[in-house]
Amino acid sequence: MSQITITKLQQLKSAGEKIAVLTAYDASIAALADDAGMEVILVGDSLGMVVQGHDSTLPVTTEQMAYHTSCVARGVVRALLIADLPFMTYADRSQAVASAKLLMQAGAQMVKLEGGDVVLDAVSAISDQGAPVCAHLGLTPQSVHRLGGYRVQGRGAQAADELLQQATRLQDAGAQLLVLECIPTELAQQITATVNIPVIGIGAGIHCDGQVLVCYDMLGISKGKRPKFSKNFLTENNSVAAAMSAYVQAVKEHTFPADEHSFDS
Ligand code: KIV
């Protein structure tokens, strides 16, 4: 069982094989996700909501992310491990490099940050220092107050074109992976076909190179209403391990996400 690298993800994109990604915040869930065949495990700052109980990801600190990253790292053998840089910890080049350093030293193999043109400097600064970067466009939860809520992004020709241009510029700045959250299926398809780097969707339709879900949503244990784009894989499967395998299989066989988990233009 060989370790998943960014080169392997690139090969999967080229071969048209879908990439399965799940969030994890502790060693036990991470080990199950790894065993189920997840190619990537993301220590998302969604932990601020599903673990800490906040109503946004804004309160999460770099120290908390480093702690959870180190826990997850102990459970992972094969998957590529990505950790989120929290809110306002990459506002300039030197802050971005210092924050990325903490997460990489905690066990991350790539860091993720949210935003378009405003983070181009941070992307190039971190990747120039040798740490791989995953960009995140569309619904960027750290900007929830500026966006006016958790809403679909990229609707309308101008907004769609802006996202497409930003995706290309993030790639040019050094991003090696891209997450698209809550954007119309057609736009995600266009971005996935335009950029060379693998594109992972959440609420971005079936045409992305891979899919990511928050593990608590995928197991149906998040408090509140299930987001439209997620699916509870535990209901039809009798164990957490079986639910994770079913999710991986659904991603690989292109049966998740269905139209009911996706958004129109
Ligand atoms: O924080 C997170 O879990 C994420 C995923 C939803 C992509 O960013």
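Look up: the structure comes first, before these words.
Keep in mind the model is a prediction, meaning the values are calculated, not measured.

Draft legend 1. Seen up close, the site of the ligand. The immediate surroundings of the ligand are formed by Thr23, Leu42, Gly44, Asp45, Ser46, Asp84, Lys112, His136, Ile202, Val212 and Val214. Contact distances for the ligand include 2.8 Å between an oxygen atom and a side-chain N or O atom of lysine 112. When the free accessible area of the ligand is taken as 260 Å², the share hidden by the protein chains comes to 95%. Its residues assigned to classes, the shell around the ligand comprises four nonpolar, four polar and three charged.

Draft legend 2. Here's a closer look at the packing of helix α2 (residues 27-36) against helix α11 (residues 240-252). At a closest axis distance of 9 Å, the pairing of α2 and α11 adopts a crossing angle of 45 degrees. With respect to α11, the element α2 is oriented oblique. Here α2 and α11 pass one another in a crossing that is right-handed. Between α2 and α11, the residues in contact are Ile29, Leu32, Ala33 and Ala36 and Val240, Ala241, Met244, Ser245 and Val248, respectively. Class assignment of the residues belonging to the contact of α2 with α11 gives a composition of eight nonpolar, one polar and no charged.

Draft legend 3. Broad picture of the pairing of strand β6 (residues 177-181). Within β6, five of the five residues are buried, which leaves the element mostly enclosed by the surrounding structure. Every second residue of β6 is oriented toward a common face, with Leu177, Val179 and Glu181 on one face and Leu178 and Leu180 on the other, all of them buried. Taken together, the five bridges between strand β5 (residues 133-138) and β6 define a ladder with parallel strand orientation. Counterpart to cysteine 134 in the pairing with β6 is leucine 177. Pairing of β6 with strand β7 (residues 199-202) involves four bridges; the strand directions are parallel. Counted as the bridge partner of leucine 180 is glycine 201 from β7.

Draft legend 4. Highlighting the packing of aromatic side chains. Here the structure, examined in full by the defined rule, presents four aromatic pairs. Ring geometry for tyrosine 247 versus phenylalanine 256: centroids 6.1 Å apart, planes at 70 degrees, classification edge-to-face. Judged by relative accessible area, which is 2%, phenylalanine 256 ranks as buried. An aromatic cluster of three or more residues is present, and its members are Phe233, Tyr247 and Phe256.

The rules we used
- Residues numbered from 1 in each chain as written.
- Predicted model: local features only at pLDDT ≥ 70, side-chain atom pairs only at ≥ 80, totals over all residues.
- Heavy atoms only, no water.
- Near = heavy atom within 4 Å.
- Polar contact = N/O pair within 3.5 Å; in protein donor to acceptor, adjacent residues only side chain to side chain.
- Areas by Shrake-Rupley, 256 points an atom, 1.4 Å probe, with all protein chains shown as cover.
- Nonpolar A, V, L, I, M, F, W, Y, C, P; charged D, E, K, R; others polar.
- Axes fitted to C-alpha atoms, helices over the stretch in contact; angles between N-to-C directions.
- Helix = DSSP H or I, 4+ residues; strand = E, 2+ residues; numbered from the N terminus.
- Parallel < 35°, antiparallel > 145°, perpendicular 65-115°, else oblique.
- Left-handed = near helix turned anticlockwise from the far one by under 90°.
- Contact = heavy atoms within 4.5 Å.
- Buried < 20%, exposed > 50% of the residue type's maximum accessible area, 1.4 Å probe, protein only.
- Pairing = 2+ DSSP bridges.
- Phe/Tyr/Trp six-rings, centres within 6.5 Å; stacked < 30°, edge-to-face > 60°.

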